[in-house]
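These are the residues of each chain, in order.
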Amino acid sequence: DYVRERLNVARELGANYTINPGQEDFASKVKEFSKVFGGINKAVLTVGVAGVVEQLLDIIQPQGMISLFAGGGKTFISNIDLNRIHYKELVLTASQNATPEQFKKAIQLLSSGRFNVGKLITHKFPLEDALNAFNLRSELKALKVLLLP
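Right, let's walk through the structure included here. Because the structure is a prediction, the values reported are computed rather than measured. (Residues numbered from 1 in each chain as written. Predicted model: local features only at pLDDT ≥ 70, side-chain atom pairs only at ≥ 80, totals over all residues. Heavy atoms only, no water.)

1. Here's the deal with the sheet that holds strand β1 (residues 42–45)
- The strand order β1-β2-β3 describes an open sheet built from 3 strands, whose pairing is parallel. The open sheet has two edge strands with one neighbour each: β1 and β3 (91–94). Neighbour-to-neighbour, the strand axes of this sheet turn through a mean angle of 15°, independent of strand direction.
- Pairing of strand β2 (residues 65–68) with β3, which is carried by 4 bridges, proceeds in the parallel orientation. In the sheet register, Ser-67 faces β3, and the bridge partner there is Thr-93.
- Sheet strands in contact with helix α3 (residues 50–59) are β1 and β2, and its direction is about 180° off that of β1. (Pairing = 2+ DSSP bridges. Helix = DSSP H or I, 4+ residues; strand = E, 2+ residues; numbered from the N terminus. Axes fitted to C-alpha atoms, helices over the stretch in contact; angles between N-to-C directions. Contact = heavy atoms within 4.5 Å.)

Below you can see the structure in the form of structure tokens.
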């Protein structure tokens, strides 16, 4: 992530490694962190930065899989060399939502208390303040915003 506060929360929640691609060489760091177990063969991209996709194509092992789980709007444009995908036999896929069954499972997991997601909610707003909440989130000044009735 590019936002220090978000990286701090990730570490607090148990992330072993975090990388700010704006301050560190993303590809080198991922290779360094993953060499203990032979590199990575699966990656889920959760930031809408096209350059990271291109770096993942270099990092991912042959016959690996990259799942895009973030869009970047009009800025999420890339000139990917498709030969990099073809000759490494990579699977590139994307998802932007979840099925009703997946939502039910997520609610069950969240309700179980197994995961401490409270730290993810960085701001709370009354419903009347929804516009301010969305603006704060879109400016990356909040992780998750809770709207209260």
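2. Description of the packing of aromatic side chains
- Applying the stated criterion across every chain, the model contains 1 aromatic pair.
- On the basis of an interplanar angle of 20° and a centroid distance of 4.0 Å, the ring pair of Tyr-17 and Phe-33 is categorised as stacked. Of this pair, Tyr-17 sits in the loop between α1 (4–12) and α2 (26–34) while Phe-33 is found in helix α2, placing the two residues 16 residues apart along the sequence.
- Accessibility expressed as a relative area gives 48% for Tyr-17, which makes it partly exposed. (Phe/Tyr/Trp six-rings, centres within 6.5 Å; stacked < 30°, edge-to-face > 60°. Buried < 20%, exposed > 50% of the residue type's maximum accessible area, 1.4 Å probe, protein only.)

3. A word on the packing of α2 against α3
- Two numbers describe how α2 lies on α3: the axes approach to 10 Å, and their chain directions differ by 40°. If you check the angle between α2 and α3, you find them oblique. Like other packed secondary-structure pairs, α2 and α3 cross with a definite hand, here right-handed. In this structure, α2 contributes Phe-26, Ala-27, Val-30 and Lys-31 to the contact, and α3 contributes Val-52, Gln-55, Leu-56, Asp-58 and Ile-59.
- Of the residues assigned to the contact of α2 with α3, the class counts are 6 nonpolar, 1 polar and 2 charged. (Parallel < 35°, antiparallel > 145°, perpendicular 65-115°, else oblique. Left-handed = near helix turned anticlockwise from the far one by under 90°. Nonpolar A, V, L, I, M, F, W, Y, C, P; charged D, E, K, R; others polar.)

4. Brief notes about the environment of Gln-102
- Summarising the element assignment, Gln-102 is placed in helix α5 (residues 100–111).
- Gln-102 gets classed as partly exposed once you look at its relative accessible area, which sits at 45%.
- Separated by 97 residues in sequence, Gln-102 and Glu-5 place their C-alpha atoms 29 Å apart.

5. Topic: the pattern of salt bridges
- One pass over the full model with this rule turns up 7 salt bridges.
- Glu-24 is the salt-bridge partner of Lys-29, the closest N and O atoms lying 3.8 Å from each other.
- Among the residues examined, Lys-29 registers a relative accessible area of 23% and is labelled partly exposed.
- A cluster of three or more residues bridged by salt bridges with shared partners is formed by Glu-24, Lys-29 and Glu-32. (Salt bridge = Lys/Arg side-chain N within 4 Å of Asp/Glu carboxyl O.)

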